[in-house]
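# Residue-level structure breakdown
One-letter residues, chain by chain:
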Amino acid sequence: MKKIAFKILIFVVLFSATSSFGKIIYEPADSSFTYKPESKHSKSDLLILSILNRYHYNKFSLNDSLAGKILENYLDALDYNKSYFLQSDIDEFNKFRIRLDDEIKIGRLNTAYEIYNRFVQRLKERDEYIFKLLETEPDFSLNETFIYDRKSAQWAKSEDELNETWRKRIKNEAINEMLRDKTWEETASTLKKRYQNFQKRMLQLNNEDVFQFYMNSFTENIDPHTNYFSPVTSENFKINMSLSLEGIGASLQSEDDYTKVAEIIAGGPAFKSGLLHKDDKIIAVAQGDTGKMVDVIGWRLDDVVKLIRGPKGTVVRLQIFEAELGTNSTPKEIRLVRDKVKLEEQAAKKEIININENNIPLKLGVITLPSFYFDYEAQQRGEKDYKNATRDVKKLLLELKDEKVDGVIVDLRNNGGGSLQEAIDLTGLFIDQGPVVQVKNSNTLVEVGEDRNAGVTYDGPLAVLVNRSSASASEIFAGAIQDYNRGLILGEQTFGKGTVQNLIDLNRLNLGDTTKLGQLKVTIAKFYRVTGGSTQRLGVIPDIKFPSSADSNEFRESSEPSSLPWDQIKPTKFDALPDENNLIANLDKKHEERIKTSVDFQNLIEEINDYKSERHRKEFSLNLEQRKKEKEEAENKRLERLNERRQAAGLKLLEKGEVAPKEDKLDDPLLKESANILADQIILSLK
């Protein structure tokens, strides 16, 4: 299968399901159905274009050049791995390259549907060949290889060439199944059902789905955060800021054939269980404790969501590939009980780490902040003590001061943002009055977000821990702390999302018409630091960098071709604390020396290097015994590393296949090293 939907996150914490939860219900598909635009799609097209021209931050030109990119984006959305269309199809489509802009301007959408109908035709042809392949067991002893990522490959020039690509692809998928101790008969049955279900689901798409694909091919060329949501998708995208939601507490996204965990929501079932993690891949879903596992590889994202979400108190079982092991590993089955994600469980939390640095005992407070939350509904009801991040963190800081901590670490790892005002107010707990962020809108007007409260809640040693998933409001806070020289920024370069979006309901603009239209999320402004530099694309660069599993241009805003550029505006006046000469250099030197002898840190570096190597791997052996050997070596290496960490922590070593007891706790190497660095700073300040 392949990546059909665009990169729109569907939150599986949303909505309790109806009595048919866990079931995907299809009406009989008409295989001869021809997709075509409806009158409402023409209206939506013109409304979207009008909104973008009027409100989007980026003043774009809908011309022949952009039309070519729209076509490429649309083909990429439909056939990401160049596995269905032939070169002859592409040659034919290229005739449309310079006319799509003119068609969008007048609401004409026939070309998009013509291309989609061709895709459906090629899909049916592929499935016929796949089912024929599965009638005979391939020779798994041959020494041949499969190229997994075909994004940079050429389109197949003939059906025979495409058949050869699919022969190797199906053989690779068969090996993945047989690595899970399945027979060929079981494997062939699984793959046949997988592709039958995929074709059935694709034939169940409607004209609205095609319109959404095409509109996002247009809007995501302007910037990656400007998206069109069909009426159905809009319902699935309503995220309540109070976070009182039912589900497993995770957000998912499509990545090639897989459903990947994009984020774990603090306080939810997945978070509490510790069994599901960011970047894990979900390959099968089962209902209750006895339900049969349903293979979901290649499924549409919203269909996977329908299987996973459900009423509070019900059980869902997932079969996953753990992120650190990859898709050649043995899948792991986990059991989760659906529940509500409550704001109080999402709230900031504290702990204390004791450090002995140069025979000087130090007590460090750690505040973990999952998001910059704000209970808007409670505020609207007039409640005075409504839940928000700043109030909670202030309370924790006062408690830590009473406990006589020597320093504080604010952990913003995987904090994707939240309320802008909370980011400003939270910064105000650590600095005296002053500007925190600048916001520039599409009319080039700049507003300054300021902390207007005199005084600080905490003025002691401070470190902020970030990673590549720290974004938006997290970057505003971390950037301000860095610009004011108020604390150390530690970790990975942050995500780099420095743009602001607004959600516009097309129905409100469709006056005098009751036709149900969708919504448009449109980028309307950009964030800038008090120094004038944008957080867009660049993010916040730590004072001391930790090893990262992502390259600088991967999995961040900068990896999106259409992301708005980094730029800068005039700095605003602010009073930074004095910059201590050579402080960062001295701390970095101590950090590098210390991690050389840290078992946890060296293991982490090895795991990251292996992960990068596996992710960048282009070819896979199609020899079953070779793949079994690779899998066993990877599992042995992982167990060896785990036991090295357990030995250093004084824990019992594990045998192969043995599960670690829940009560066994291993240090978080990044948090521990952050504490060591902050301790170094405190000691240096005493000299």
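Placed above this text is the structure.
The present account deals with the structure reproduced in this document. All residue numbers refer to positions counted from 1 along the written sequence of the respective chain. Totals for whole chains, interfaces and linings use every residue, but because this is a predicted model, local features are given only for residues with pLDDT of at least 70 and side-chain atom pairs only at 80 or more, for both listing and counting. Remark: hydrogens and water are excluded; side-chain values derive from all non-hydrogen atoms of the structure.

### Some thoughts on the overall build of the protein chain
Counting secondary structure elements, the protein chain contains 20 helices and 22 strands. A compact globule built from 687 residues should have a C-alpha radius of gyration of about 26 Å, and the protein chain, at 26 Å, falls within 12% of that. Looking at the protein chain as a whole, 53% of its 687 residues qualify as buried. Any two residues having at least one pair of non-hydrogen atoms within 4.5 Å are treated as being in contact. A sequence separation of at least 24 residues applies to 77% of the contacts in the protein chain between residues at least 6 apart. For the area figures, the Shrake-Rupley method with a 1.4 Å probe applies, and any residue is considered shielded solely by the protein chains shown. Approximately 31,100 Å² of the protein chain is accessible, and the part contributed by carbon and sulfur atoms is 48%. In this charge count, Lys and Arg are treated as positive and Asp and Glu as negative; neither His nor the chain ends contribute. To locate a charge, take NZ of a lysine, CZ of an arginine, CG of an aspartate or CD of a glutamate. In the protein chain, 101 positive and 111 negative side-chain charges are present, and the distance between their average locations comes to 2 Å. Numbering of helices and strands starts at the N terminus; helices are DSSP runs of H or I of at least 4 residues and strands are runs of E of at least 2. For the radius of gyration, the atom set is restricted to C-alpha positions; the globular benchmark scales as 2.2 Å times the number of residues to the power 0.38. Remark: exposure states derive from per-residue accessible area (1.4 Å probe, protein chains only) relative to the maximum for the residue type, with buried under 20%, exposed over 50%, and partly exposed in between.

### Things to note about the nonpolar core
By size, the foremost hydrophobic cluster in this structure holds 68 residues, and its most contacted members are Tyr-74, Phe-85, Ile-115, Tyr-116, Tyr-214 and Phe-218. The dominant element in this core, judged by the number of residues it contributes, is helix α5 (residues 110-133), at nine residues. Dropping the residues within four chain positions of it, Phe-85 is found in contact with Leu-75, Leu-78, Asp-79, Ile-90, Phe-93, Ile-115, Arg-118, Phe-119, Arg-122 and Trp-155. Here, nonpolar core means buried Ala, Val, Leu, Ile, Met, Phe, Trp, Tyr and Cys residues that are tied together by side-chain atoms lying within 4.5 Å of each other. Counting 40 residues, the second-largest nonpolar core is a separate cluster that includes Leu-369, Ile-424, Val-439 and Tyr-484.

### So, the packing of aromatic side chains
Only the six-membered ring of Trp is used, alongside the rings of Phe and Tyr, when aromatic pairs are assigned; centres must lie within 6.5 Å, and planes under 30 degrees apart are stacked while those over 60 apart are edge-to-face, with the rest tilted. Applying the stated rule across the entire model yields 22 aromatic pairs. For the pair Phe-430 and Phe-477, a centre-to-centre distance of 5.8 Å together with 65° between the ring planes defines the contact as edge-to-face. Here the residue Phe-430 occupies a position in the loop between α15 (420-427) and β15 (434-441), and Phe-477 occupies one in helix α16 (residues 473-483), the gap between them amounting to 47 residues. As far as the burial class goes, Phe-430 and Phe-477 line up, both buried. Aromatic rings pair up to connect Phe-33, Tyr-35, Tyr-84, Phe-85, Phe-93, Tyr-116, Phe-119, Trp-155, Trp-166, Tyr-195 and Phe-213 into one cluster. Criterion for a charge above a ring: Lys NZ or Arg CZ within 6 Å of the ring centre, and within 35 degrees of the ring normal. Positioned above the aromatic ring of Trp-155 is the side chain of Lys-82, whose terminal nitrogen or guanidinium carbon lies 5.3 Å from the ring centre. Against the face of Tyr-386 rests Arg-391, its NZ or CZ located 5.0 Å from the ring centre.

### Describing unusual backbone geometry
Of note in the backbone geometry, Lys-82 takes a positive phi value of approximately 50° without being a glycine. Tracing the backbone shows Lys-82 in the loop between α2 (64-78) and α3 (87-93). Given the relative accessible area of 14%, Lys-82 is considered buried. One non-glycine residue with positive phi stands out, namely Arg-537, at about 70°. Secondary-structure assignment places Arg-537 in the loop between β20 (519-528) and β21 (544-545).

### Some remarks on the sheet that holds strand β18 (residues 488-491)
Ordered in space as β12-β13-β14-β17-β18-β21, the six strands form an open sheet in which the pairing is mixed. The two strands at the open ends of the sheet, each matched to only one other strand, are β12 (349-357) and β21. This element, helix α20 (residues 669-686), spans β12, β13 (360-368), β14 (407-411), β17 (462-466), β18 and β21 of the sheet and lies at about 60° to β12. For two strands to count as paired, DSSP must find a minimum of two bridges between them. Helix axes are fitted only over the stretch in contact, all axes being lines through C-alpha atoms; the angle between N-to-C directions runs from 0 to 180 degrees.

### Remarks on the side chain of Glu-475
Within the secondary structure layout, Glu-475 lies in helix α16. Should a side-chain nitrogen of Lys or Arg be within 4 Å of a carboxyl oxygen of Asp or Glu, the pair is scored as a salt bridge. It is Arg-556 that comes nearest to the buried, bridge-free Glu-475 among opposite-charge side chains, at 7.5 Å. Throughout this description, a polar contact denotes any pair of N or O atoms lying within 3.5 Å of each other; where both atoms belong to protein, one of them has to be capable of donating a hydrogen while the other can accept it, and for residues adjacent in sequence the pair is counted only when both atoms sit in side chains. One polar contact links Glu-475 to Thr-494, side chain to side chain, over a distance of 2.7 Å. Setting aside residues up to four positions removed in sequence, Glu-475 forms contacts with Ser-470, Thr-494, Phe-495, Gly-496, Lys-497, Thr-535, Gly-539 and Val-540.

### Comments concerning a negative patch on the surface
Patch building starts from residues that exceed 30% relative accessible area and form no salt bridge, then joins like charges within 9 Å and nonpolar side chains (Val, Leu, Ile, Met, Phe, Trp, Tyr) within 5 Å. Side chains of Glu-137, Asp-139, Glu-185 and Glu-186 sit close together on the surface and give a patch of like negative charge. Assignment of secondary structure puts Glu-137 in the loop between α5 and β2 (145-147). The class of Glu-137 is partly exposed, set by a relative accessible area of 43%.

### Digging into α15
What α15 keeps buried is the set Glu-422, Ala-423, Ile-424, Leu-426 and Thr-427. Tucked inside the fold, the buried residues of α15 contact α14 (389-402), β15, β16 (446-451) and α16. Two to three positions downstream of the cap, the backbone nitrogen of Gln-421 sits 3.3 Å from a side-chain oxygen, assigning the N-cap of α15 to Ser-419.

### Comments concerning the pattern of salt bridges
Within this structure, the stated rule accounts for 46 salt bridges. The residue Lys-182 makes a salt bridge to Glu-177 at a minimum N-O spacing of 2.7 Å. Measuring nitrogen to oxygen at the nearest pair gives 3.7 Å for the salt bridge that ties Glu-322 to Arg-638. Taken together, the positions of Glu-322 in the loop between β9 (315-321) and β10 (332-337) and Arg-638 in helix α19 (residues 624-648) put the pair 316 residues apart, joining distant regions of the chain. For Glu-322, a relative accessible area of 16% corresponds to the buried category. The class of Arg-638 is partly exposed, set by a relative accessible area of 32%. Among the charged side chains, a salt-bridge network with shared partners connects Arg-169, Glu-173, Glu-177, Arg-180, Lys-182, Arg-194 and Asp-295.

### Some points on the packing of α2 against α5
Interhelical geometry of α2 versus α5 gives an angle of 30° and a closest axis separation of 11 Å. By the angle between their axes, α2 is roughly parallel relative to α5. Crossing of α2 over α5 shows right-handed handedness. Judged by residue contacts, Leu-71, Tyr-74, Leu-75 and Leu-78 of α2 engage Ala-112, Ile-115, Tyr-116 and Phe-119 from α5. Here the term charged refers only to Asp, Glu, Lys and Arg, the term nonpolar to Ala, Val, Leu, Ile, Met, Phe, Trp, Tyr, Cys and Pro, and the term polar to all other amino acids, Gly among them. Of the residues assigned to the contact of α2 with α5, the class counts are eight nonpolar, no polar and no charged. Each angle receives one of four descriptions, namely roughly parallel if under 35 degrees, roughly antiparallel if over 145, roughly perpendicular if within 65 to 115, and oblique otherwise. Rotating anticlockwise by less than a right angle from the far helix to the near helix defines a left-handed crossing, while the corresponding clockwise rotation defines a right-handed one.

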